[in-house]
Amino acid sequence: LMKELYQLISQLESKIPFYEKANSSISNSTVGWQIEHSLKTIFEIVQFVKKSNPELYQWKFSFNKALVSTIGFIPRGKAKAPKLVVPDETISESSLKNSFQKIKEALQEWDSFDKNAHFPHPYFGNLNKKSTEWFLNLHTKHHLKIINDICKNG
């Protein structure tokens, strides 16, 4: 799963030249906003997982997670990004390159995390390391689709 995430991050990185592109019929935000939001999400989740206490992890059934796992994608416009992962700064080519560097550094530690390291997802409940990998892939693919649609139709 992490190998797939690295490939998705590379795809995101290849979209930097289009960071100013927008298409309001697809999204109210630019390609750059989509990239930065995706990277902030990965970074903040890695930080949560890193600080979590694996002994406190408890699995609990989540209808939302089961539904999204079954359909295989996040429906557009259904969820609102938590403030923590909403880009607030001006997005530029250099700010995006810095964010990619930050992500690559943060992910270097991932393999050393305990399998029950976890983070509390607002819709899917507590996600352990493997479920977190699933979510990071799902979320990144969701925003890549939006980016590709903006670039195709923008």
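This report concerns the structure included in the present document. Since we're looking at a predicted model, the values are computed, not measured.

Quick look at helix H5 (residues 129-153) now. Taking 1.5 Å as the rise per residue, H5 with 25 residues should run 36 Å; its terminal C-alpha atoms sit 36 Å apart, in good agreement. The buried fraction of H5 amounts to 18 of the 25 residues, a majority that puts the element mostly inside the structure.

Compared with the 21 Å implied by 1.5 Å per residue over 15 residues, the 21 Å span of helix H4 (residues 93-107) between its first and last C-alpha is a close match. Of the positions making up H4, those classed as buried are Ser95, Leu96, Ser99, Phe100, Ile103, Ala106 and Leu107. Angularly, the buried residues of H4 cover 140 degrees about the axis, an arc narrow enough to put them on a single face. Taken together, the buried residues of H4 touch helix H1 (2-13) and helix H2 (31-51).

Time to look at the packing of H1 against H5. For any two helices packed against each other, the geometry is given by the interaxial angle and the distance between the axes. Where H1 meets H5, the axes come as close as 10 Å, and the angle between the chain directions of the two elements is 25 degrees. The angle between H1 and H5 falls in the class roughly parallel. In this structure, H1 crosses over H5, and the sense of that crossing is left-handed. On H5, the residues that touch Met2, Glu4, Leu5, Leu8, Gln11 and Leu12 of H1 are Glu133, Leu136, Asn137, Thr140, Lys141, Leu144 and Ile147.

Pairing between side chains becomes possible if they bear opposite charge and their charged atoms approach one another. Counted under the stated rule, the structure contains six salt bridges. With a shortest N-O distance of 2.8 Å, Lys141 and Glu4 are connected by a salt bridge. Taken together, the residues span a long stretch of sequence, with Lys141 in helix H5 and Glu4 in helix H1 at a distance of 137 residues. With its nearest N and O atoms 2.9 Å apart, the salt bridge here joins Lys104 to Glu13. Placement of the pair is Lys104 in helix H4 and Glu13 in helix H1, with a sequence separation of 91 residues. With a relative accessible area of 34%, Lys104 lands in the partly exposed category. The structure contains a network of salt bridges with shared partners spanning Arg76, Asp149 and Lys152.

Analysis parameters
Residues numbered from 1 in each chain as written. Predicted model: local features only at pLDDT ≥ 70, side-chain atom pairs only at ≥ 80, totals over all residues. Heavy atoms only, no water. Helix = DSSP H or I, 4+ residues; strand = E, 2+ residues; numbered from the N terminus. Expected span 1.5 Å × (residues − 1). Buried < 20%, exposed > 50% of the residue type's maximum accessible area, 1.4 Å probe, protein only. Arc of directions from axis to C-beta. Contact = heavy atoms within 4.5 Å. Axes fitted to C-alpha atoms, helices over the stretch in contact; angles between N-to-C directions. Parallel < 35°, antiparallel > 145°, perpendicular 65-115°, else oblique. Left-handed = near helix turned anticlockwise from the far one by under 90°. Salt bridge = Lys/Arg side-chain N within 4 Å of Asp/Glu carboxyl O.

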